[in-house]
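Coordinate analysis (summary)
Okay, here's what each chain looks like letter by letter:
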Amino acid sequence: MPITTAVLYYIINNTLLHNKYYIHPLILLAQFADKKRRMRRFLIAGMGVLMGGVLPFFAYAQLFKSSDVAGLMTVEDESKAVVILVDNMLREVRGFPAQLTQLSPSCYPFRHEIGSHTYYFQSESILNRFKACKDLQKTACEHTQREREGNSQKQEELKGEISGIFDAHKRDIFEEKVREKLDELSSQNPLLKQTAEESMNAHVEYLNQHGREGLRTFFKSHYVQPNIGFIHLRPNDGLSYKGPMMLTLERFIEKFQTRDPNLFEKLKRFLHKAVNGIGERSENLLKLYDALFTSLSDEEIRAFTQEFTVSLYEEFSNSLSRELNWLQAPSEVTAQAEARFYPSHKKGEITQAFNDVKQKISALMQNKSTETGIDTSQALSVLNTLELSWPMDLAREEGFIGDTLKAMISTENAAYMPDINRIMIHVPFLNIPRWQIIWLLGHEIGHAVGLKREYVPQFWKHLKDCFDEQGFKEYQMGEVFSDWLATEILTQLLESQTPPLREEEKREALLEAVLFCTPGEENEGALDLFGQPEPHPANWKRINKIIRSHPYVNKLFGCSSSPPYCSGDQPGGRQ
């Protein structure tokens with residue numbers, strides 16, 4: 001690019017000139033001047049006059065009458081216009097170059113490429129605001145990436161610690177229970193020892209001394225009842241579960257599939273009847289053992305005895321583990337975990353945020369009720385009685401240390417439980433940033449009063465049609481409404497903070513509140529464990545269509561355009 005043309009581009013950018021009708025003649029004039037060197041001095045002198053008065057005058061006049069900027073910026077915060085004008089210049093000026101590398105880095109040291117265009121900015125703050133307007137999710141996740149990585153590592157450490165506390169307790173109980181159970185069973189069965197290896201050796205020794213007939217008699221005396229070791233140790237468990245012992249029996253039955261198909265089918269029927277309680281279970285097991293000990297070779301009998309004994313211990317261990325999953329933890333173990341993972345000051349911070357969010361939602365509903373005359377008493381009753389719940393509370397109330405607690409440790413979110421009208425706070429929740437906590441609490445409270453509830457206030461029902469127009473599915477409406485309500489409350493709290501936040505602090509807080517960083521359509525159309533469609537929209541939609549569309553967010557970041565916003569104020573749903 002000729003040097004004079006580069007200077008003109010520099011002037012245009014520095015004066016924030018917007019109107020394309022000013023730009024084209026200047027570019028043509030510069031190109032003409034490069035061919036006619038004798039006109040350069042005249043042109044440079046003219047540029048001095050333009051830089052000193054004419055261009056700044058027209059630039060600022062154009063800046064503040066632009067329809068793109070109107071209503072989105074004030075004279076006091078004119079830096080917002082930089083994003084709008086640079087964006088519009090590159091979009092609207094035909095022939096404007098994609099790469100402006102000749103510009104002075106001291107004036108525009110920050111750059112951002114989108115497609116074939118390169119955008120230049122005076123500060124990193126303005127760059128982030130421009131990027132947030134284009135993709136709020138990506139910007140927020142990049143902006144807080146280091147903090148997210150640190151939190152993620154801390155959460156993994158917390159999971160390991162809290163699991164360790166209860167697992168250690170469980171191991172102690174397990175070892176004690178194993179000793180008690182083995183002592184009880186060994187009085188009835190002399191071949192059961194303290195370990196699987198000792199027990200296996202005892203069974204093999206019995207086979208050596210009494211032969212296959214003696215061991216078959218022993219099996220028929222001791223291994224025909226489910227409460228002794230077959231399938232499950234406890235008689236009340238469903239027998240359709242394929243435990244290690246059942247799998248061992250199946251494996252040896254399969255040996256006859258080609259050797260003796262008729263015997264194979266007969267053994268399968270015996271096992272099926274025994275497992276499913278068809279007829280007399282003990283009788284079917286007796287027939288099964290008779291056929292196996294009669295038909296297997298000596299080597300196979302020895303292998304069967306060893307595998308059966310090991311599988312007996314595996315099932316024995318599994319049954320005790322399942323039993324211990326719902327064993328009540330001693331109060332001192334629960335207190336130890338609570339003091340470590342739920343310190344009182346953190347619980348206090350979350351409780352205060354919960355009360356703030358709840359109060360804002362209550363005020364919002366009451367104001368709308370006054371405006372519209374619509375009754376909200378049922379929804380307000382649910383809201384007023386809504387409480388927080390901590391995993392340690394349930395550990396004390398219901399007594400568990402197993403899979404349920406582990407799910408609370410490994411889940412990074414909170415969860416609304418409609419059956420008891422509580423919001424369960426999971427362990428990692430205590431370590432996320434404050435504004436994420438506020439948004440998440442608003443989201444979970446939204447499930448208590450939202451579109452999926454029969455008592456949802458009538459003045460919010462129009463939002464469903466608006467969400468539908470934005471492309472959200474029917475089965476996603478509950479989650480989308482909760483996102484919408486959380487965003488409404490987040491923006492209110494950002495604006496009403498005491499002492500007030502600076503504009504930059506508000507932008508930082510909003511970027512901090514974004515927590516869903518997975519890109520793309522990662523969960524669209526997926527089915528949950530019950531075969532139902534995943535109710536959560538793709539994360540980028542949740543952020544770029546709900547949070548990003550809010551007028552407050554547009555104003556805060558100085559965006560020149562916005563996705564459609566679903567308003568809770570207008571019956572038509574659009575604003």
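For the structure itself, consult the block above.
Worth saying up front: this structure is predicted, and the values here are computed from it rather than measured.

**Concerning the state of the cysteines**
This structure, assessed with the given rule, holds three disulfides. A disulfide bridge connects Cys133 with Cys559, and the sulfur atoms are separated by 1.9 Å. Its S-S torsion of about -90° marks the bond between Cys133 and Cys559 as left-handed, since a negative value means left-handed. One end of the pair, Cys133, is in helix 5 (residues 124–134); the other, Cys559, is in the segment after helix 24 (551–557), and 426 residues separate them in sequence. We note that Cys133, like Cys559, is buried. Two residues share a disulfide in this structure: Cys466 and Cys566, whose sulfurs sit 1.9 Å from each other.

**Considering the environment of Gln470**
Assignment of secondary structure puts Gln470 in the loop between helix 20 (463–469) and helix 21 (477–495). Along the primary structure Gln470 and Ile546 are separated by 76 residues, whereas in three dimensions their C-alpha atoms are 9.6 Å apart.

**Some thoughts on the packing of aromatic side chains**
Tallied over the entire structure, the rule returns 17 aromatic pairs. A ring pair is formed by Phe293 and Phe304, whose centres lie 6.0 Å apart and whose planes are at 85°; its orientation type is edge-to-face. Here Phe293, found in helix 12 (residues 281–295), pairs with Phe304, found in helix 13 (residues 298–324); they are eleven residues apart in sequence, far enough to count as distant. The pair Phe293 / Phe304 is uniform in exposure class, with both members buried. Ring centres of Trp439 and Phe516 lie 5.9 Å apart, and the angle between their planes is 75°; on these two criteria the pair is classed as edge-to-face. Within this pair, whereas Trp439 is found in helix 19 (residues 434–449), its partner Phe516 is found in the loop between helix 22 (503–513) and helix 23 (539–547), the two being separated by 77 residues in sequence. For the pair Trp439 and Phe516, a shared accessibility class is recorded, and that class is buried. The rings of Tyr206, Phe218, Phe219, Tyr223, Phe252, Tyr289, Phe293, Phe304 and Phe308 are connected pair by pair, giving a single aromatic cluster. Here Arg434 stacks its cationic end above the ring of Trp435, 4.6 Å away from the centre of that ring.

**What to know about the pattern of salt bridges**
All told, the structure shown has 17 salt bridges when counted by the stated rule. The salt bridge partner of Lys131 is Glu142, with a shortest N-O separation of 3.5 Å. With Lys131 in helix 5 and Glu142 in helix 6 (residues 136–143), this pair connects stretches of sequence that are eleven residues apart. Here Lys131 falls in the buried class, since its relative accessible area comes to 17%. For Glu142, a relative accessible area of 36% translates into the label partly exposed. It is possible to trace a salt-bridge network through shared partners that takes in Glu213, Arg216, Lys220 and Asp290.

**Quick notes on the sheet that holds strand 3 (residues 387–389)**
Read across the sheet, three strands follow the order 3-5-4 without closing on themselves; strand pairing throughout is mixed. Of all the strands in the sheet, the pair left with one neighbour each is strand 3 and strand 4 (414–417). Geometrically, the sheet is characterised by an average inter-axis angle of 30° between neighbouring strands, direction not taken into account. Pairing between strand 3 and strand 5 (residues 422–425): three bridges, direction parallel. From the neighbouring strand, Ser389 faces strand 5, where its bridge partner is Met424. In the packing of helix 15 (residues 344–372) onto the sheet, the strands contacted are strand 3 and strand 5, and the crossing angle to strand 3 comes to about 150°.

**Digging into a negative patch on the surface**
A surface patch of negative charge is lined by Asp172, Glu175, Glu176, Glu180 and Asp183. For Asp183, the location among the structural elements is in helix 7 (residues 145–186).

What counts, and at which threshold
Residues numbered from 1 in each chain as written. Predicted model: local features only at pLDDT ≥ 70, side-chain atom pairs only at ≥ 80, totals over all residues. Heavy atoms only, no water. Disulfide = S-S within 2.5 Å. Helix = DSSP H or I, 4+ residues; strand = E, 2+ residues; numbered from the N terminus. Buried < 20%, exposed > 50% of the residue type's maximum accessible area, 1.4 Å probe, protein only. Phe/Tyr/Trp six-rings, centres within 6.5 Å; stacked < 30°, edge-to-face > 60°. Lys NZ or Arg CZ within 6 Å of the ring centre and 35° of its normal. Salt bridge = Lys/Arg side-chain N within 4 Å of Asp/Glu carboxyl O. Pairing = 2+ DSSP bridges. Axes fitted to C-alpha atoms, helices over the stretch in contact; angles between N-to-C directions. Contact = heavy atoms within 4.5 Å. Patch = residues over 30% accessible without salt bridge, like charges linked within 9 Å, V, L, I, M, F, W, Y side chains within 5 Å. Areas by Shrake-Rupley, 256 points an atom, 1.4 Å probe, with all protein chains shown as cover. Lys, Arg positive; Asp, Glu negative; His and termini not counted. Charge placed at Lys NZ, Arg CZ, Asp CG, Glu CD.

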